[in-house]
Amino acid sequence: MFDRLKKAFSNIVKGLSEKELSEADIDKVFSEIEIALLESDVAHETITYLHDTLKRELVGKRFDKSRDNESIVKDTLKDIMISIFNNAGTLDIIERINSKKDREKEPYTILFLGINGTGKTTTIAKFANMLRKHNISSVIVAGDTHRAGAIEQITEHATRLGIKVIAQRYGADPAAVGRDGVLYAKAHRVDTVLIDTAGRMQTSRNLMDEMAKIVRVVKPDLKIFVGDSLAGNDTIMQAREFLRYTDFNAIILTKSDSDYKGGSALSIVHVTNKPIVYLGVGQGYDDLVPFNAEEFVEQIVEGNGKR
Ligand SMILES: Nc1nc2c(ncn2[C@@H]2O[C@H](COP(=O)(O)OP(=O)(O)OP(=O)(O)O)[C@@H](O)[C@H]2O)c(=O)[nH]1
Ligand SMILES: [Mg+2]
């Protein structure tokens, strides 16, 4: 996906023969890299961060004659990208669910949030399917009581997967439906409660306040922001606002199977400092894969991966 980046690297060597890189060298190199990053949906502020950090790391440093400039710049850029992911930490959800189960014998509650149409409902179905493979049971809460058809949609997924749904009528308070779900799980010893929410724009004050209320009432163990990897800079802006309102803990990026260029994954982690836990890679129930930062960086810099 970052094929442009690969090309940019092969162009940079030619102009640089000195073994000490100057600020002008880095700027020159970066003008090539920048285009590739922009075309790959990396957000502007992340590009600026990469540029500044690259300068700080490389300007004035002397390098062993055996190393060429291409590999020096490339390896440094890779390290900077990996440190963005490392700073955000990692989160093993399966381990957390199991340890709460062992410790407190209480259900683990996960709230899924994000703007309209990013894939929250589909992701919950995939998530429940994935949990079952780890011998973890779940109940799904139809917390989108706004959009016509939303309750039927999630009920249809749950029925196909053989998973219980807790729902009320349209217009009901989603916080109350969420609480019902938690009570059900406690009474029936279900391991996890997966709460769907209505899609909302980060600019809609009422809906954002409603979401903050769901968080206050349900006190979920985990809040996952579901973002569309194709939406580029928009997704980054939305994530920042959602973070302010809900202080979410983790991210799932969906639609990574489509025309996905990778930049949104790097940018969203840079801007929110929260880890990506899974990627949605299709519309089927098995199309949810764990996110591996090192593999991801290798692919974007070397330009040899599909995803
Ligand atoms: N290709 C692809 N499509 C996806 C993926 N995840 C979700 N979709 C599709 O995206 C569309 C929207 O998915 P939903 O799960 O309804 O999205 P939502 O966020 O719940 O939408 P609202 O409830 O309206 O806010 C559906 O057609 C899904 O099949 C993915 O990883 N890859
Ligand atoms: Mg939905």
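As the structure is a computational prediction, the values presented were derived from the model and not from experiment.

Conventions we followed
- Residues numbered from 1 in each chain as written.
- Chains lettered and ligands numbered in written order.
- Predicted model: local features only at pLDDT ≥ 70, side-chain atom pairs only at ≥ 80, totals over all residues.
- Heavy atoms only, no water.
- Buried < 20%, exposed > 50% of the residue type's maximum accessible area, 1.4 Å probe, protein only.
- Helix = DSSP H or I, 4+ residues; strand = E, 2+ residues; numbered from the N terminus.
- Pairing = 2+ DSSP bridges.
- UniProt positions renumbered as here; feature names shortened; annotations may be inferred.
- Near = heavy atom within 4 Å.
- Polar contact = N/O pair within 3.5 Å; in protein donor to acceptor, adjacent residues only side chain to side chain.
- Areas by Shrake-Rupley, 256 points an atom, 1.4 Å probe, with all protein chains shown as cover.
- Nonpolar A, V, L, I, M, F, W, Y, C, P; charged D, E, K, R; others polar.

(A) Spatial organisation of the pairing of strand 5 (residues 222–228). For strand 5, the tally of buried residues reaches seven of seven residues, placing the bulk of the element in the interior. Neither face of strand 5 is exposed, since Leu 222, Ile 224, Val 226 and Asp 228 on one face and Lys 223, Phe 225 and Gly 227 on the opposite face are all buried. Examined bridge by bridge, strand 1 (residues 108–113) and strand 5 share four bridges and lie parallel to one another. Across the sheet, Phe 112 pairs through a bridge with Ile 224, a residue of strand 5. Note: strand 5 against strand 6 (residues 250–254), five bridges, orientation parallel. By the bridge assignment for strand 6, Phe 225 is matched with Ile 251.

(B) Summary view of the UniProt feature "domain: SRP54-type proteins GTP-binding" (unreviewed entry) in the protein. As annotated in UniProt, the feature "domain: SRP54-type proteins GTP-binding" (unreviewed entry) corresponds to residues 275–288 in the numbering used here. Taken end to end, residues 275–288 is 0% helix and 43% strand, and its first and last C-alpha atoms sit 16 Å apart.

(C) Geometry of the site of ligand 1. Not every one of the 21 residues close to ligand 1 is listed here, only the nearest: Lys 120, Thr 121, Thr 122, Asp 257 and Gln 283. Contact distances for ligand 1 include 2.7 Å between an oxygen atom and a side-chain N or O atom of Lys 120. Here an oxygen atom of ligand 1 sits 3.0 Å away from a polar atom, N or O, in the side chain of Arg 147. Burial of ligand 1 by the surrounding chains reaches 81%, relative to a free accessible area of 650 Å². Tallying contributions element by element places helix 6 (residues 120–133) first for the shell around ligand 1, with four residues. The class makeup of the residues in the shell around ligand 1 is two nonpolar, 13 polar and six charged.

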